[in-house]
Amino acid sequence: MKNDTKKPKTSATPKSPSINQMWGGQFSSAPADLLAKINVSVGFDKQLYRQDIRGSIAHAKMLARQKIITEADAKAIIDGLKSILSDIESGDFTFQDALEDVHMNIESALKERIGEAAGRLHTARSRNDQVATDLRLYVRDALDAFDGAFMALQRALIKRAEEHVGTLMPGFTHLQVAQPVTLGHHLMAYVEMAGRDRHRIRDARKRLNESPLGAAALAGTSFPLDREFTADELGFDAPMSNSLDAVASRDFALEFLSFAAIAAVHLSRLAEEMVNWSSVQFGFIRFSDAWSTGSSIMPQKRNPDAAELVRGKSGRMFGNLMSLLTTMKALPLAYNKDMQEDKEPVFDSVENLMVCVQAMTGMVLDFSVNKDKMEESASEAYANATDLADWLVRELKLPFRDAHHVTAKLVKLATGKGKKLEELSLKEMQAVESKIRKDVFSVLATIDSVKSRTSFGGTAPANVRSAIAEAKKLYLK
């Protein structure tokens, strides 16, 4: 017969938390209110609960294997930790500021659930190696998630590039029309940037994937630990080889924040282009209602707020990196309480960068393209001038600097007459350079300019198709 009696809920907090019972043995009075306020980190480090419980389970298993604690105590600890994990994830667990951090909250709850055995979990372990392990696990999980998110962005970019292999648009330098390219080629540039971001993810993951667990406070421990076992249990490649370095280093967090800042630059640049392209002055793209906002006073407005926010949030990523660099720059070995400040920049960058890359993926898939406006713009501002100079070099054997000079004169002539280069007559061109022949007009059409750029990495549609095929093999697997 099923027993429907519910077990009473237990609190994660002792009834009299004025002195932390986990470390307060030598203290006879509570800390000052402001010390308590500045010391408490559970408001943000509770995000580490999954990693903290996972690390504790691995540690308990190892202690039992090494006969440092009994199998019975290990089972009670592991079962208790799993029940706490279940309660946290179901919303039935309350974190208490009085217990400072996520580690003490979980350990206190474990003691209430299983009694004396809970106190054995911290054998041969310090909060120093515990938090270093938790944060490495958290950053590793985040890197794995970002690898998938940036692959999704690449997939979206490649999809749109395939649709616009031959869609003409102006390429810019100094935000001035430079030479015609294709939209497909332009979008594939961001595929390459995201590819380098993913390389940084994988490189950072490889370097961080060593376990601090077992380094204890800073000097290791006299207990016969099996650090290789806990490293393997947690998916690390190996234990860290120096106990001081294990608890004192946060370069893995700095490397993550560096990746986040660089990736944010790439997202911000694409966002800036979307802001420009969707303006009336450009008129290249249009976002649907799903990715546009209006104005409280101007009924006609369609604002690209999502793109602007992606652009704006890049500043947070830069600030988070500088924050932790500044915190770490003058800390002596080993652990210092300053290092409590490592988590909020990491958490903030994880949250905001993920929103940005997902939003960018949505915008890439959403926008519609005004092909006529793009092609018209691609033929403006004498974007084919370089094609004329190249023709003079190739067909008339002029040195490039001479060809550049001749072309500049022809541009000046066309500007004065209010014509495009291809609208000049052969006679007008020959007045500047007598050797010019009629076949010069074969290279001045915008589409011919684009098709001629067949050097490796160039904008010719055939090149773009090859680049798309290669990117699918390289990135979408």
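The rules behind these values
- Residues numbered from 1 in each chain as written.
- Predicted model: local features only at pLDDT ≥ 70, side-chain atom pairs only at ≥ 80, totals over all residues.
- Heavy atoms only, no water.
- Helix = DSSP H or I, 4+ residues; strand = E, 2+ residues; numbered from the N terminus.
- Rg over C-alpha atoms; globule rule 2.2 N^0.38 Å.
- Buried < 20%, exposed > 50% of the residue type's maximum accessible area, 1.4 Å probe, protein only.
- Contact = heavy atoms within 4.5 Å.
- Areas by Shrake-Rupley, 256 points an atom, 1.4 Å probe, with all protein chains shown as cover.
- Lys, Arg positive; Asp, Glu negative; His and termini not counted.
- Charge placed at Lys NZ, Arg CZ, Asp CG, Glu CD.
- Patch = residues over 30% accessible without salt bridge, like charges linked within 9 Å, V, L, I, M, F, W, Y side chains within 5 Å.
- Salt bridge = Lys/Arg side-chain N within 4 Å of Asp/Glu carboxyl O.
- Core = buried A, V, L, I, M, F, W, Y, C linked by side-chain atoms within 4.5 Å.
- 1 Å grid on protein atoms, 1.4 Å probe; cavity = no way out; pocket = protein on both sides within 12 Å on 5 of 7 lines; lining within 4 Å.
- Points joined across faces, edges and corners; volume = space filled by probe spheres on them.
- Nonpolar A, V, L, I, M, F, W, Y, C, P; charged D, E, K, R; others polar.
- Phe/Tyr/Trp six-rings, centres within 6.5 Å; stacked < 30°, edge-to-face > 60°.
- Lys NZ or Arg CZ within 6 Å of the ring centre and 35° of its normal.
- Arc of directions from axis to C-beta.
- Axes fitted to C-alpha atoms, helices over the stretch in contact; angles between N-to-C directions.
- Parallel < 35°, antiparallel > 145°, perpendicular 65-115°, else oblique.
- Left-handed = near helix turned anticlockwise from the far one by under 90°.

### Notes on the overall build of the protein chain
Here is step 1 of the chain: Check the secondary structure of the protein chain and you find 18 helices and 6 strands.
Here is step 2 of the chain: At 31 Å, the protein chain has a C-alpha radius of gyration far larger than the 23 Å of a compact globule built from 477 residues.
Here is step 3 of the chain: The principal-axis extent of the C-alpha atoms belonging to the protein chain is close to 100 × 55 × 55 Å.
Here is step 4 of the chain: Taking all 477 residues of the protein chain together, 49% fall into the buried category.
Here is step 5 of the chain: Partitioning the contacts of the protein chain with sequence separation of at least 6, the portion at a separation of at least 24 is 75%.
Here is step 6 of the chain: Accessible area of the protein chain: about 23,800 Å², with a carbon and sulfur share of 53%.
Here is step 7 of the chain: With 63 positive and 62 negative side-chain charges, the protein chain shows a separation of 4 Å between the mean positions of the two kinds.

### Concerning a nonpolar patch on the surface
Here is step 1 of the chain: Together, Leu218, Leu244 and Leu333 line one region of the surface with nonpolar side chains, adding up to about 270 Å² of accessible area.
Here is step 2 of the chain: For Leu333, the position within the fold is in the loop between helix 11 (305-328) and helix 12 (343-366).
Here is step 3 of the chain: The class of Leu333 is exposed, set by a relative accessible area of 63%.

### Remarks on the nonpolar core
For soluble globular proteins, nonpolar side chains are generally found buried alongside one another.
Here is step 1 of the chain: Ranked by internal contacts, the top residues of the largest apolar core, which has 99 residues, are Phe146, Phe150, Phe259, Met274, Leu353 and Met360.
Here is step 2 of the chain: It is helix 10 (residues 251-277) that contributes the most residues to this core, 16 residues altogether.
Here is step 3 of the chain: In terms of nonpolar packing, the next biggest core, distinct from the first, is built from 19 residues, Trp391, Leu410, Val411 and Leu421 among them.

### As for the environment of Gln51
Here is step 1 of the chain: With respect to the secondary-structure elements, Gln51 resides in helix 3 (residues 49-65).
Here is step 2 of the chain: Linking Gln51 and Asp348, residues 297 residues apart in sequence, is a C-alpha distance of 17 Å.
Here is step 3 of the chain: Every residue in contact with Gln51, bar those within four places of it in the chain, is listed here: Asp134, Leu137, Tyr138 and Asp141.

### What about the layout of surface pockets?
Here is step 1 of the chain: Of the pockets and cavities examined, the largest pocket occupies roughly 530 Å³.
Here is step 2 of the chain: Within the residue set of the lining of the largest pocket, elements represented by two or more residues are strand 1 (168-173), strand 2 (176-182), helix 7 (183-208) and helix 10.
Here is step 3 of the chain: A per-class count over the lining of the largest pocket returns 10 nonpolar, 8 polar and 4 charged.
Here is step 4 of the chain: The computed volume of the second largest pocket comes to approximately 410 Å³.
Here is step 5 of the chain: Lining the second largest pocket are 20 residues, with Ser278, Ser279, Val280, Ile285 and Arg302 positioned closest to its centre.
Here is step 6 of the chain: Of all elements in the fold, only strand 5 (285-286) and strand 6 (368-369) reach the threshold of two or more residues within the lining of the second largest pocket.
Here is step 7 of the chain: The residue makeup of the lining of the second largest pocket, split by class, is 8 nonpolar, 9 polar and 3 charged.

### Re the packing of aromatic side chains
Here is step 1 of the chain: Enumeration according to the criterion identifies 9 aromatic pairs in this entry.
Here is step 2 of the chain: Here the aromatic rings of Phe93 and Phe95 are separated by 4.9 Å at their centres, their planes lie at 65°, and the arrangement is edge-to-face. Taken individually, Phe93 and Phe95 each receive the classification buried, so the pair is uniform in this respect.
Here is step 3 of the chain: Judged by centre distance (5.9 Å) and plane angle (50°), the ring pair of Phe256 and Phe259 falls under tilted. Residue Phe256 and its partner Phe259 are located together in helix 10, separated by 3 residues, close to a single helical turn. An identical accessibility class is assigned to Phe256 and Phe259; each is buried.
Here is step 4 of the chain: Pairwise contacts between aromatic rings join Phe146, Phe150, Phe256 and Phe259 into one cluster.
Here is step 5 of the chain: It is Arg140 that lies over the ring of Phe236; its NZ or CZ is 4.9 Å from the centre.
Here is step 6 of the chain: Directly above the aromatic system of Phe367 lies the positively charged group of Arg160, at a separation of 4.6 Å from the ring centroid.

### Focus: the pattern of salt bridges
Here is step 1 of the chain: Inspection of every chain in the model, using the stated rule, returns 30 salt bridges.
Here is step 2 of the chain: Across the salt bridge formed by Asp197 and Arg200, the nearest N and O atoms sit 3.1 Å from each other. Here Arg200 and Asp197 lie together in helix 7, a separation of 3 residues that amounts to about one turn.
Here is step 3 of the chain: In this structure Asp197 comes out as buried when scored by relative accessible area, which is 1%.
Here is step 4 of the chain: Judged by relative accessible area, which is 27%, Arg200 ranks as partly exposed.
Here is step 5 of the chain: Put simply, Glu428 and Lys417 hold a salt bridge, and the shortest N to O gap is 3.5 Å.

### Observations concerning helix 13 (residues 371-378)
Here is step 1 of the chain: Burial in helix 13 covers these residues: Met374, Ser377 and Ala378. Along helix 13, the residues classed as buried sweep out an arc of 105° about the axis, all on the same side.
Here is step 2 of the chain: As for helix 13, its buried residues are in contact with strand 1, strand 2, helix 7, strand 5, strand 6 and helix 17 (446-452).

### Comments concerning the packing of helix 10 against helix 12
Here is step 1 of the chain: Here helix 10 crosses helix 12 at 30°, and the two axes come no closer than 10 Å. As judged from the angle between their axes, helix 10 and helix 12 are roughly parallel. For the pair helix 10 and helix 12, the sense of crossing is left-handed. Residues Ala253, Phe256, Leu257, Phe259, Ala260, Ala263, Ala264, Leu267, Leu270, Ala271 and Met274 of helix 10 form the contact with helix 12, whose participating residues are Pro345, Val346, Ser349, Val350, Leu353, Cys356, Val357, Met360, Met363 and Val364.
Here is step 2 of the chain: Residues of the contact of helix 10 with helix 12, tallied by class, amount to 20 nonpolar, 1 polar and no charged.

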